[in-house]
Amino acid sequence: MKERKRTYTEEEVNELKKWFDSQSLPPTMQIDKAAFTPNLKDTVDMLFEQAYVCYENPKMQGCLYLLEKIKSNLEKNGAGA
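A quick note: this is a predicted structure, and the numbers were derived from the prediction, not measured. (Residues numbered from 1 in each chain as written. Predicted model: local features only at pLDDT ≥ 70, side-chain atom pairs only at ≥ 80, totals over all residues. Heavy atoms only, no water.)

### Side note on the packing of aromatic side chains
Line of reasoning, step 1. Taken as a whole and judged by the stated rule, the model has three aromatic pairs.
Line of reasoning, step 2. Plain terms: the ring middles of Trp19 and Phe20 are 5.1 Å apart, the flat faces sit at 85 degrees to each other, and that makes the pair edge-to-face.
Line of reasoning, step 3. With a relative accessible area of 4%, Phe20 lands in the buried category.
Line of reasoning, step 4. Taken together, a centroid distance of 5.7 Å and an interplanar angle of 75 degrees make the contact between Phe20 and Phe48 edge-to-face. Highlighted residues: Phe20 in helix 1 (residues 10–21) and Phe48 in helix 2 (residues 40–54), separated in sequence by 28 residues. Taken as a pair, Phe20 and Phe48 share a single burial class, namely buried. (Phe/Tyr/Trp six-rings, centres within 6.5 Å; stacked < 30°, edge-to-face > 60°. Buried < 20%, exposed > 50% of the residue type's maximum accessible area, 1.4 Å probe, protein only. Helix = DSSP H or I, 4+ residues; strand = E, 2+ residues; numbered from the N terminus.)

### Topic: the UniProt feature "domain: DUF6965" (unreviewed entry) in the chain
Line of reasoning, step 1. What UniProt calls "domain: DUF6965" (unreviewed entry) maps, in this numbering, to residues 11–76.
Line of reasoning, step 2. In residues 11–76, the share of helix is 62% and the share of strand is 6%. The end C-alpha atoms are 24 Å apart. (UniProt positions renumbered as here; feature names shortened; annotations may be inferred.)

### Remarks on the side chain of Thr37
Line of reasoning, step 1. For Thr37, the position within the fold is in strand 2 (residues 36–37).
Line of reasoning, step 2. Residue class for Thr37 comes out buried when judged on its relative accessible area of 3%.
Line of reasoning, step 3. Polar side-chain contacts of Thr37 include one of 2.4 Å to the side chain of Thr43.
Line of reasoning, step 4. Setting aside residues no more than four positions away along its own chain, Thr37 makes contact with Thr28, Met29, Ile31 and Thr43. (Polar contact = N/O pair within 3.5 Å; in protein donor to acceptor, adjacent residues only side chain to side chain. Contact = heavy atoms within 4.5 Å.)

Okay, structure coming up:
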(Lines give C-alpha, C1' and ligand atoms only; values in the text may rest on other atoms or scores of the structure.)
Protein backbone atom coordinates (compact mmCIF):
# COMPACT_ATOMS: atom_id res chain seq x y z
CA MET A 1 0.00 0.00 0.00
CA LYS A 2 1.18 3.51 -0.79
CA GLU A 3 2.73 5.31 2.16
CA ARG A 4 0.46 8.11 3.35
CA LYS A 5 1.72 11.66 3.42
CA ARG A 6 1.89 13.40 6.78
CA THR A 7 0.41 16.71 5.62
CA TYR A 8 -0.94 18.30 2.45
CA THR A 9 -0.56 21.77 1.03
CA GLU A 10 -3.54 23.85 -0.01
CA GLU A 11 -2.30 23.53 -3.61
CA GLU A 12 -2.43 19.72 -3.34
CA VAL A 13 -5.98 19.86 -1.98
CA ASN A 14 -6.92 22.23 -4.83
CA GLU A 15 -5.43 19.82 -7.40
CA LEU A 16 -7.35 16.91 -5.90
CA LYS A 17 -10.55 19.00 -5.96
CA LYS A 18 -9.90 19.93 -9.58
CA TRP A 19 -9.52 16.24 -10.44
CA PHE A 20 -12.81 15.35 -8.74
CA ASP A 21 -14.59 18.27 -10.41
CA SER A 22 -13.66 16.82 -13.81
CA GLN A 23 -15.12 13.38 -13.01
CA SER A 24 -18.56 11.91 -13.46
CA LEU A 25 -19.10 10.14 -10.14
CA PRO A 26 -21.18 7.00 -9.72
CA PRO A 27 -24.12 7.41 -7.34
CA THR A 28 -22.74 5.01 -4.69
CA MET A 29 -19.40 3.44 -3.78
CA GLN A 30 -17.97 0.77 -1.52
CA ILE A 31 -14.88 2.79 -0.61
CA ASP A 32 -13.18 -0.02 1.30
CA LYS A 33 -14.25 -2.98 3.44
CA ALA A 34 -15.54 -0.72 6.20
CA ALA A 35 -16.83 2.32 4.32
CA PHE A 36 -19.82 2.56 1.97
CA THR A 37 -21.47 5.74 0.76
CA PRO A 38 -25.00 5.77 -0.62
CA ASN A 39 -24.42 9.26 -2.10
CA LEU A 40 -20.88 9.64 -3.40
CA LYS A 41 -21.22 13.23 -4.65
CA ASP A 42 -22.43 14.48 -1.25
CA THR A 43 -19.74 12.48 0.52
CA VAL A 44 -16.98 13.96 -1.67
CA ASP A 45 -18.36 17.48 -1.12
CA MET A 46 -18.38 17.01 2.67
CA LEU A 47 -14.90 15.48 2.68
CA PHE A 48 -13.57 18.51 0.81
CA GLU A 49 -15.22 20.86 3.29
CA GLN A 50 -13.30 19.08 6.04
CA ALA A 51 -10.10 18.82 3.98
CA TYR A 52 -9.86 22.58 3.50
CA VAL A 53 -10.13 23.10 7.26
CA CYS A 54 -7.62 20.46 8.39
CA TYR A 55 -5.21 19.72 5.50
CA GLU A 56 -2.16 20.90 7.49
CA ASN A 57 -2.96 18.84 10.59
CA PRO A 58 -1.40 15.36 10.36
CA LYS A 59 -3.86 14.04 12.98
CA MET A 60 -6.87 15.05 10.87
CA GLN A 61 -5.98 13.43 7.55
CA GLY A 62 -8.89 10.95 7.44
CA CYS A 63 -10.87 13.06 4.96
CA LEU A 64 -7.90 13.24 2.60
CA TYR A 65 -7.21 9.53 3.00
CA LEU A 66 -10.82 8.79 1.98
CA LEU A 67 -10.64 11.18 -0.97
CA GLU A 68 -7.43 9.50 -2.17
CA LYS A 69 -9.05 6.07 -1.73
CA ILE A 70 -12.13 7.15 -3.70
CA LYS A 71 -9.89 8.55 -6.45
CA SER A 72 -7.92 5.31 -6.57
CA ASN A 73 -11.14 3.27 -6.82
CA LEU A 74 -12.40 5.44 -9.66
CA GLU A 75 -9.12 5.16 -11.56
CA LYS A 76 -8.94 1.41 -10.99
CA ASN A 77 -12.52 0.85 -12.20
CA GLY A 78 -12.15 3.15 -15.20
CA ALA A 79 -15.00 5.36 -14.01
CA GLY A 80 -14.98 9.11 -14.25
CA ALA A 81 -14.63 11.58 -17.10
